[in-house]
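Observations on chain architecture
In case you want the letters, here they are:
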Amino acid sequence: MFGERHVLADLSTGQRDPDDWEIGRLRTVDYLLDTRVLTYEPTLSLFAVGTASGLICVVGGPGVESSVQTPEGSPVKILQLAASTDKLLSVDERDRLHIWNLKDLNEPPKSTRFDHAINAVMLSPSHTHIFLALQSGEIRTYDLLYLKKSSYVIPNLWNMFQTKIASSVVDPLHALPGCNIPVDLVAHPRDLNLIFVAFGGGVVLYDLSSRNILRAYELVIPAGAPGGGGYHQSEVLTHRWPSVTSVAIHPAGHFFAVGYADGCIAFWAVEDEDQPLMVRTSTDLDVNVINGEELENFLQNGGPSEEKGTDLSERQPIYRVAWCGFPNSSDPRGGATALVFLGGDGSDDPCRLTVHTMPALNSPEPPAPSGSKTGLHASIRKAMQLSVIPLETTYHLSSGPIYDFVLFPKSNPHFSGCWDPVAVLFLTGASDSRMVEARQFLPPNIMSSLPGTEIQNSGKHSDVIHDLSATLEDMALSAEEPLPMHVPSKLYSGIGGVFYAQLLTLQRSMYDVLVGQQLVPGDADLPIAGGSAWIDDKRLSELRLSRSHPRRVLITCHRDLTIRFHDASPQLLISSSTSPLQKNYPFTIHDLTIDLSCLPLSSASELATVQLAPESLECVVLLKSGDLVVYRLNTTQVTPPIEIEGNKEFILLGNVSLRPGTRYHPFLMLPRGNISLTCCALSDIGFVGVGYIDGSVAVIDLRGPSLLRPQRQKRQSKLLIRNQDADPIVSLTWTVSTVSMDAQLAVRLIAIHESGNTQIFKIIRDPESSLYDFAQDVTRVEGLPNVMQGGSFVIDSQKGTTWRADRSRFAASLQTRDSNPARCLWVTASARGARCTLDISGERISKVEWNSKKNKVGHVQVIEKNNSHVLVAFNDKPEAMVYSLPYLEHLHTFSLAKVCENVVSVDETGDFIASRRHESGVLEQIVFGTLFQTRRVYDHPIVDLTSFRHEIPPYPQPVSVGPPSLLGTWFRYGKPIMTGEQLDSLLAGPDRPIPPPDPVETLQDTTNSYGPSVMKTMENARSGVYNRLNDALAERGEMLGNIEQRIDSLQQGSKDMVAQAKRLATEQSARRWFGF
C-alpha cells in the first residue's frame, strides 16, 4: 500500500456485505456441432435436428425449443415428424425405433426393436401408420396411434421378382450383392394404395390392397454404352446393372426419376417397365445408348488404361433426388417442375446441389387402343421425354461436401414434402464438424407452352433429345441467384461457428436505434412458426420487473468472417399463457450482420477484436492480419465520404456492394502496412485510436476522414525512437478528463506499452482550420506492465462513474474552463494484479496482487450496483474476486464453478457471459450469468409444440396423362383412390380397436396451477371441441342420409326407366304385328 496524501471517498460501501451478492446462471445457449439428420414438417411448422450424440432438438416459432435424448445417447440415423398423430420418430444407430409424444416430450419414448436394421422409413399425414424397410428386404408397418407393430408385412419384393423371371433371365450372374436390399421408400403422390420400393437392383411398384407387384424397373446399361462412368471405364464392353440409390416421383404421378451409384439418373414411365424414357448424367444425355463414334475411338485407343484413367475425374453417385411441384398452372397435371439432386458431379467440380427446371407435361390425348397392343403410346412417351429435358439449371454452392438436403414447403405436406418449396437446407461437412446452410428456393419462371403446340413441333423436339450440343447450349444458369437464408442460431457450427462472444449494455434510446422493430419475418427467414412458448404465469409479477432492466446486445464473431448482433434484453422474455413470446432469446438481428468477406482484404484472415460504440453505434473490426475496418450504422441518408487526394494510408469503402437491407455499411479500411497493428480503441466522438507493434500510435478522425499522428512520430525515423517507446502498444483507452499536470478537461488517449510505459496524448482543435490534431506535449507515466486489453478504466473519484469519451463529456470539454475540476482515478489491471492512480499521472493510491496466483486472471471490470462501485477480477478457476475502490481492498471471492467454466465478457452491471469451447475451436455453449441474481427471471419457457397447425389438405387425386377435357371435368380420372382410414384398416387388420379419445387432464395439482380465468378458457375450449365434434357427426349423418335418399331416388328412377322401356318395346311390337 502506498502512502496516502489524499483522503478519497470509499466508492464500495454498498457492496461490502456478501449477502448482497448472488451468483447464478441465467440462461444457456447451446450450439449443435454434430448435426447428422434434418427434417421439417409443414403442417405443424416444426423443424427437428438429430445429432451424433443422440440429442434431438425440435425448433418452432419464437421461444419454441425442446430437446430429447435417445436412450444411451445412441446417434440418430433417421428422424421424422408425424403430423397425423403428433409424434416424433427416431431411428438410432442401433436400429431401434423411438417414438415421443409431441404434446409432452418429458414422457419416456416408446422404443421398439426389429429383427433387422432399418434402412428407410415412410409416413404420411393422411394416415397413422409408418412403413419401415428392413435390411432383410421386408417392409414392416407400425401403428402410431396404438404404438405397436401392425400385422401387415410385405416380403422381399425383389426376391419375388427375381424368382418370377428366373426362367427367362439370359445372364443369371447379373444379380449383384445387395440388389435385394431396400434403400428407399416413396408413396405414390396420388394414390395411397401404391408404393415404390427401391432396392439395390431396381424399383418395384407395389399394390397394397391386392398385395401384388405391379411392375419392376431394372436399368441395364448395354455393352458399348457409356453409362455413368463414360468411355474411360474398363467395364464399358460389358452389360452393367448400376445400383439404385434414391427415387423421386413426378407430381403428376405418371413417371419418376431414379438415381444410381454410377452417377446417372434414369427417368421411367410408370406404365413402361421395359425401357426408360431417358438415362442421363449431369452433363450427358442418353448414356444408355451406344455412341458409335466414341466407342470406335475407345477401341482404336486400345481401351482403358490405368495411366489414362488417372487424369479423368470419377463421377460421384447420385446420393438423393427430389421432384418438386408448384401451383403454377391450371392444368391438373401441373406446370413446370424442379428436379433436385445431390451428387453426380466430377471430383473436380465444386461442392453443390443441382436443380433442373423441367417443362410441364403436355402430352396429347391418348388414342384408343387398337387390337391387342398395350403399353405406353409413342406420342405420350415422346411428351414425357420432352418434359424431362431441363430448361435451365441452378447450382446451390456450399462451403463443403453436402451430406443431405431438406426442402421447406410452404404448407402442403404431400408429394413427399416437395410441393412448392420456399427454401432448401443442406447439411455440409467440414474438417472438424458439420454445419447447416440454407438457400432460397426459387420457383420456375419458365412459361409453359400453349396446349396444342407441342405436337406440331414434335419432330424438332425429337431431334433435340439426340442433339447433345444443342441441348447443352439451351441449358442456362438461372438469372436470379438464390439468396442465403437464415438458419436457427443453434445450428451455427463449422465454418459458421462462433469463436468469440461479447456482451454490451446500451441505453434505451440507443437500443431503440440499433435494434428497431423486428417482428415481421423477412424473406430470408425460414417458415418455422410452429408451437408457442411462454414463461410460467407464477413468475409474471417478477418478470414484469425486467421492464426497467438495462438493454443488452450479444455480439458473436464467426469463422466465416461474419459478425452477428443479438438482442439479449430481458424484456424479450415478458410473456404469459395468453400472450406467448414474440421473439427468440437471444434474438438475432439479421439486418445488422457484418460480412467482411466482401471487402478487399489483404489476405485471408480471422477476426481479432470487435468494438461497438454505445452512443454513436459505430463499429470497429480488427483482423489478425492487421487490417482495421470501420463500419457505420445506416440510420439516415449519409453523404458518402469524399476521396482525399494523395491519401495512401486508408481506403474508403463507400462503393462496396452489400446485400439489400444491410444496415451496417463499411466506411473505411486501414490496411496492414509495414508495421502491424496490435490494438485499437473506439470512442463515441468520432475518433479511433490504433496502436502498432513498434510502439507508435495513430488516430483516425472519422470527420474527414483523416489519419493523425503525433508530431514526434512524423519527424523521426524508427532508428530515432526512444527505447521506452519502442515496445508494442497493448492497451488504448479514450477519456475526457484532466491529468495531474494539466487541469484542462480535454480529449485524451492513454497508450500503454507492454513494458508499462504509458503515453497520454491530448487531442486539440485548431481554431483556424477547425481540424483536430495531437498536442505537442505528451504526458509520460510509468504504469503497470502487461496490462490486459479492456483492463484500463478512468472513473470519477467522487461518484465512481466511468469517464468515457462520449458526447456529454466532450461537450463539457468545450465549455469554459472550470476553476475546480473534478478529479479522476485511473485503474489498470494485468494478469498479476491491479493499480489505482489519482488523475492518471498523479500519485499512486493503491496496488494489489491477486489472491489466487495459481489461476490466471483473464477479465476485469468496474461494476456498479446501487451507486456503489467495485473492481471484479475473473480467473480461470473460475472465481470472481471483488476489490474495493479506490483502495483495492479484497472484499469477497465467489466461486463460479457451478455456473460456468470461464468468463469471456462482463458488463458494468455484473452480468457476464461464459463459454465452453469445442476441440475444433468453435463455441458449443454460451452461458449467461450474473453476480446479482435476485428477482431475475430468465427461466426456460413452457412450450406447447402442437398449438399451431395448418389444415391437412386432402390427398391429391389422380390425374389423366392426357390434357383436361370436358368429360374429365364431370368424371374423375380412374377408379376412386384409397383413403387414409381405409389404409389404416388394411394395415392394422380387423382386430384394431376404436381409436381412444384424447386424454383430458384431471389431476388436481395440475388444474390448481392455473388461475380461474385460464381454467375457464380451457373449459370453454374443451366444450367447444366437443360441440364441434358433435356438430360434425350430425352433419356427417345428415350428409349420409341425403346420399342414401339420392341413391334410392336414382334406383327408383332406373326401375321406372326400365319399365318404360319395356312398355315402349311392347307397343312397338304390337304396332308391327297389326301392320301400323
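Residues numbered from 1 in each chain as written. Predicted model: local features only at pLDDT ≥ 70, side-chain atom pairs only at ≥ 80, totals over all residues. Heavy atoms only, no water.

Another aspect to go through is the pairing of strand β5 (residues 65-69). Along β5, the buried face is formed by S66 and V68; none of E65, S67 and Q69, which line the opposite face, is buried. Where strand β4 (residues 55-59) meets β5, 5 bridges bridge the pair, whose relative direction is antiparallel. In the strand pairing of β5, C57 is matched with S67. Two successive antiparallel strands, β4 and β5, enclose a turn made up of 5 residues, where G63 displays a positive phi of approximately 75°. (Buried < 20%, exposed > 50% of the residue type's maximum accessible area, 1.4 Å probe, protein only. Helix = DSSP H or I, 4+ residues; strand = E, 2+ residues; numbered from the N terminus. Pairing = 2+ DSSP bridges.)

Further remarks concern the sheet that holds strand β33 (residues 562-567). Spatially, the 4 strands line up as an open sheet ordered β30-β32-β33-β34, and their pairing is antiparallel. Taken across any chain shown, the strands that pair with only one partner, and hence form the sheet edges, are β30 (498-506) and β34 (587-595). When strand polarity is set aside, the average angle formed by the axes of neighbouring strands in this sheet is 25°. With 5 bridges joining them, β33 and β34 adopt antiparallel strand pairing. Its bridge partner lying in β34, I563 is registered against I594. (Axes fitted to C-alpha atoms, helices over the stretch in contact; angles between N-to-C directions.)

Right, let's talk about the pattern of salt bridges for a bit. Using the criterion set out here, one finds 35 salt bridges in the structure. Between D86 and R949 there is a salt bridge; the shortest N-O distance is 2.6 Å. Placement of the pair is D86 in the loop between β6 (76-82) and β7 (87-92) and R949 in the loop between β60 (942-944) and α12 (966-970), with a sequence separation of 863 residues. On the basis of relative accessible area, R949 is assigned to the partly exposed category, the value being 38%. When the shortest N-O distance is used, the salt bridge between D742 and K762 registers 3.0 Å. (Salt bridge = Lys/Arg side-chain N within 4 Å of Asp/Glu carboxyl O.)

Our focus in this paragraph is unusual backbone geometry. The bulk of non-glycine residues show a negative phi, and the bulk of peptide bonds are trans. In this model, K877 is joined to P878 through a cis peptide bond whose omega is 5°. For P878, the position within the fold is in the loop between β54 (868-875) and β55 (879-884). Residue P886 is bonded to the preceding L885 through a cis peptide linkage, with omega at 10°. If you trace the backbone, P886 turns up in the loop between β55 and β56 (890-895). The residue E72 is not glycine, and still its phi comes out positive at about 65°.

This part is about the side chain of R381. Position of R381 among the secondary structure elements: in helix α4 (residues 378-386). Since its relative accessible area comes to 16%, R381 is described here as buried. Within polar-contact distance, the side chain of R381 engages the backbone oxygen of Q275 at 3.4 Å. A polar contact is formed between the side chain of R381 and the backbone oxygen of P276, at a distance of 2.7 Å. Contacts of R381, omitting those with residues within four sequence positions, involve D272, Q275, P276, L277 and L376. (Polar contact = N/O pair within 3.5 Å; in protein donor to acceptor, adjacent residues only side chain to side chain. Contact = heavy atoms within 4.5 Å.)

Position of K410 relative to the elements: it lies in the loop between β26 (402-409) and α5 (414-417). As for K410 and A423, which are separated by 13 residues in sequence, their C-alpha atoms are 8.9 Å apart. K410 has contacts with W419, D420 and V422, leaving out every residue within four places of it along the chain.

Attention shifts here to the confidence of the model for the protein chain. Per-residue confidence for the protein chain averages 85 on the pLDDT scale, and 81% of its residues sit at or above 70. Overall, residues 446-479 carries pLDDT values under 50, and its contacts beyond four positions in sequence, including any with other chains, amount to 41 contacts. Segment residues 1000-1017: pLDDT under 50, and 9 contacts once partners within four positions in sequence are set aside and those in other chains are kept. (pLDDT = per-residue confidence, 0-100.)

Turning to the state of the cysteines, a few remarks are in order. Counted by the stated rule, this structure contains 0 disulfides. Free of any disulfide, C324 has its nearest neighbouring cysteine sulfur in C418, separated by 4.8 Å. For C324, a relative accessible area of 0% gives the class buried. (Disulfide = S-S within 2.5 Å.)

Per the stated rule, a full pass over the model turns up 23 aromatic pairs. With a centroid separation of 5.5 Å and 75° between ring planes, the pair formed by F687 and Y772 is classed as edge-to-face. You can see F687 sitting in strand β41 (residues 687-692) and its partner Y772 sitting in strand β47 (residues 772-774), a full 85 residues away along the chain. When its relative accessible area of 0% is taken as the criterion, F687 is described as buried. Within the aromatic cluster, the residues linked to one another by ring pairs are F196, Y217, F256 and W268. Its guanidinium or amino end placed over the ring of F405, R320 lies 4.4 Å from that ring's centre, counting from NZ or CZ. (Phe/Tyr/Trp six-rings, centres within 6.5 Å; stacked < 30°, edge-to-face > 60°. Lys NZ or Arg CZ within 6 Å of the ring centre and 35° of its normal.)

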